[in-house]
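# Structural characterization, general
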Amino acid sequence: MYVCSCFGVTEAQVKKHAEGGACTPRQIASACKAGTDCGSCVRRIQAILGRGACPTREPAGRLPALDEAA
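Owing to the predicted nature of the structure, the values given are computational and were not obtained by experimental measurement. (Residues numbered from 1 in each chain as written. Predicted model: local features only at pLDDT ≥ 70, side-chain atom pairs only at ≥ 80, totals over all residues. Heavy atoms only, no water.)

### Describing the pattern of salt bridges
- A full pass over the atoms with the stated rule returns three salt bridges.
- Taking the shortest distance from any N to any O, the salt bridge between E11 and R44 comes out at 2.7 Å. Here E11 is found in helix α1 (residues 11-19), whereas its partner R44 is found in helix α3 (residues 42-53), with 33 residues between them in sequence.
- The class for R44 is partly exposed, based on a relative accessible area of 28%.
- A salt bridge links E11 to R51, with the shortest nitrogen-to-oxygen separation between them at 2.8 Å. With E11 in helix α1 and R51 in helix α3, the pair connects residues that are 40 residues apart, well separated along the chain.
- A single salt-bridge network, built from bridges that share partners, covers E11, K15, R44 and R51. (Salt bridge = Lys/Arg side-chain N within 4 Å of Asp/Glu carboxyl O. Helix = DSSP H or I, 4+ residues; strand = E, 2+ residues; numbered from the N terminus. Buried < 20%, exposed > 50% of the residue type's maximum accessible area, 1.4 Å probe, protein only.)

Interpretation in functional terms is not warranted from these geometric data alone.
This is the structure:
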């Protein structure tokens, strides 16, 4: 299924770029131009990225409070 009609980018291509590390609409745009012309596909790209297309990262450790750091 096409996500971006302007540049012929498919959902599978967006997912492939996401697996490669492009995890924001701007990074997807840099990878394949999707979302850079009319912009109507940006919400669809956001939805794809929000459904777990990007690898999950472990949360950073708890930062010490300012008074604990001294």
